Amino acid sequence: MSKAHRETIFVEQADIIEHIAYEGGQYVMRVNAPEIAQHAKAGQFAHISCDPMLAMRRPISIMRVSHQHGWVDFLYKAIGRGTKLLATRKAGEQISIMGPIGNPFKIDPDRPRALLIGGGVGMPPMVFLAETLKASSGNKPLAILGSEVPFPFTRRPSTIMVPGMPDGVIAGMPLLEDWNIPCRLASLQGYAGCFEGYVTDLARHWLKALSEEQRNEVIIYSCGPHPMLEAVAKLASEYNLPCQVSLEEFMACAVGGCAGCVVEVKTEHGPVMKRVCVDGPVFNAEQVF
Amino acid sequence: MNDTDKVMLATDFCGMAFQSPIVLLSGCVGFGEEYTRVKGFSNRDVGAVCLKGTTLESRLGNKPHRIYETPMGMLNAIGLQNPGGEYVVNDILPKLDFEETRFIANLAGSTIEDYVALARIFNDSPIDAMEINISCPNVKQGGMAFGNNPEMSARVVAACRAVTDKPIITKLSPNQTDIAENAYRCIEAGTDGFAVINTLMGMAIDIENRSPIIGNNQGGLSGPAIKPIALLKVHQVYQVCREHAIPIIGQGGISTAEDAIEFLIAGASAIGIGTALFYDPLVSSKINAGIIDYLKRNDMTNVAELTGSLRLNG
């Protein structure tokens, strides 16, 4: 039989290089994990041992990697016991990280207009995907990021025109702008330069401004809170656009062994339970919503 | 590991040659290949791999959440998600490498007829042994688990015994009054070995919405939290097994070599690893190394010398 699945996940004792706190309990952590950095693709995650006092690992999306320097970046929010303990870990300490895990986003060369919609701690896979897409010149992606706590970066007025954007919606993420990928931000909190509303409402403004021909080139990728993903899936269905969503669930093994992290997926043979860890975390939206 | 070390770990379990006393437990390692995704993990590091609980017909399993971490352990209620016995035998077993380790099927049913049908299916397969999971609710008897009642446990074992010569390992539940009595009845009914213990039933509640966190409301508690309970149960079952030379897989919260050695001393011939894999997928080789080190320090030549070597306080 094919043993292609074997030895695709690495367990690394990773040094924390940098661990920066942002408002709203958000943290960006950079660790040295060369094997994971070398193999990770956008949409995959790592299973992190947050603290020696807490045995179970926590699945956290990968935001960026450096093949050259061997580092991996994570953005997470300290919400539960695991992430709160992780937030106490300091640069110079070591943590055990397993990764990369799961199916990455599938890039469709026939759909160069990738619309990346990320909400809250769903932003990291979108950043990773944006960095992946920038490598290929034919792509014309747009990232729309939403947050109800201050964004974990300094917002910057975008220098890249985006059709359909309402007046004043000019703020973007510097990292993406530096990669020449247009980005716009949405929030209900009234942050300057951001769209006041949901990410899906802002996405609709953009879709409406495209010609039919242009819309046929659109594919949506999304990660974020469940209600947001549901709204994204509805938007995709409304415009008949392919849409891939990245999901999360409580997870134990993260290698497909325990079937603890399942999501109900629609198939032609009826519903089946798929493991978020190795059958996902990326699923076609119409299968899960 | 050198050849001397290999000899120290090699042990017989129900007539099966185990290259290590470690058994990877049912429900934690899918259908045998899942953990091989991890670099450094090998099925060759363990004596046997126990496959996911299998029912006669395929099952979707429970709604999420299926797992939740609790202090020093975790709750799970997977609900026996599996593709059914025929599929396991026809589509999964041919893909397993039986050169690497022994593979044990885990049979789960709601009626005695289910167990018998499954035992027949696996009897005509390359599987090395069958573990009878008697913690499932018995539909005909109103939902009570077979495993909580010695009489019903024995009936399941006897019915399976009648249709297979492959080793039968009975997985005993800790959720019962007298586990030793149950073990005795299962030995009479023809079991070749035991797995002691299955999970303890538990619950966790989300106080904000006052609902159980686990989709199934209750789940099985595993992990280090249950280790002292499991150890005592192994000790109790060993008192019955000793005179009949029936071996035990001791399991429940083992995550280090020291834990494993405690279970061996209490009476286990093999030790099961489940939840600890979730903490450290490479734990098996570390436990093997720790056992070898202990045997050497104590001038022992084989792990079997530890089994039941407990010196009770006067």
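Residues numbered from 1 in each chain as written. Chains lettered and ligands numbered in written order. Predicted model: local features only at pLDDT ≥ 70, side-chain atom pairs only at ≥ 80, totals over all residues. Heavy atoms only, no water.

Caption draft 1: A look at the interface of chain A and chain B. Taken together, the 34 residues of chain A in the interface contact 33 residues of chain B. By the criterion of area lost to chain B, the three top residues of chain A are Met56(A), Phe250(A) and Met273(A), representing 19% of everything that side buries. Run the count over chain A and chain B and you get seven salt bridges. In this structure, Lys3(A) engages Glu33(B) in a salt bridge whose closest nitrogen and oxygen atoms are separated by 3.2 Å. The tally of links from chain A across to chain B stands at 20 residue pairs in polar contact (both at pLDDT 80 or more). If one sorts the elements of the side of chain A that touches chain B by residue count, strand E17 (residues 270-275) of chain A sits on top with four residues. A class-by-class count of the residues in the side of chain A that touches chain B yields 20 nonpolar, five polar and nine charged. (Contact = heavy atoms within 4.5 Å. Buried area = accessible area lost by both parts, 1.4 Å probe. Salt bridge = Lys/Arg side-chain N within 4 Å of Asp/Glu carboxyl O. Polar contact = N/O pair within 3.5 Å; in protein donor to acceptor, adjacent residues only side chain to side chain. Helix = DSSP H or I, 4+ residues; strand = E, 2+ residues; numbered from the N terminus. Nonpolar A, V, L, I, M, F, W, Y, C, P; charged D, E, K, R; others polar.)

Caption draft 2: Up close: the sheet that holds strand E4 (residues 58-61) of chain A. The strand order across the open sheet built from seven strands is E4-E3-E7-E1-E2-E6-E5 (chain A), with neighbouring strands paired in antiparallel fashion. The open sheet has two edge strands, E4 and strand E5 (64-65) of chain A, and neither has a second partner. (Pairing = 2+ DSSP bridges.)

Caption draft 3: Molecular detail of the packing of aromatic side chains. Overall, the coordinates contain nine aromatic pairs over all chains when judged by the stated rule. Ring centres of Phe13(B) and Phe18(B) lie 5.4 Å apart, and the angle between their planes is 10 degrees; this geometry places the pair in the stacked category. Across this residue pair, the class does not change: Phe13(B) and Phe18(B) are buried. Seen in terms of ring centroids, Tyr115(B) and Phe146(B) are 5.5 Å apart; in terms of plane orientation they differ by 85 degrees. Their pairing is edge-to-face. On the criterion of sequence distance, the pair formed by Tyr115(B) in helix H3 (residues 112-123) and Phe146(B) in the loop between strand E8 (129-133) and helix H4 (150-161) is long-range, its members being 31 residues apart. In terms of burial, Tyr115(B) and Phe146(B) fall into one category: buried. Cluster of aromatic residues (ring-pair linked, three or more members): Phe151(A), Phe153(A) and Tyr191(A). Sitting over the face of the ring of Trp71(A), Arg30(A) holds its NZ or CZ atom 3.4 Å from the ring centroid. (Phe/Tyr/Trp six-rings, centres within 6.5 Å; stacked < 30°, edge-to-face > 60°. Buried < 20%, exposed > 50% of the residue type's maximum accessible area, 1.4 Å probe, protein only. Lys NZ or Arg CZ within 6 Å of the ring centre and 35° of its normal.)

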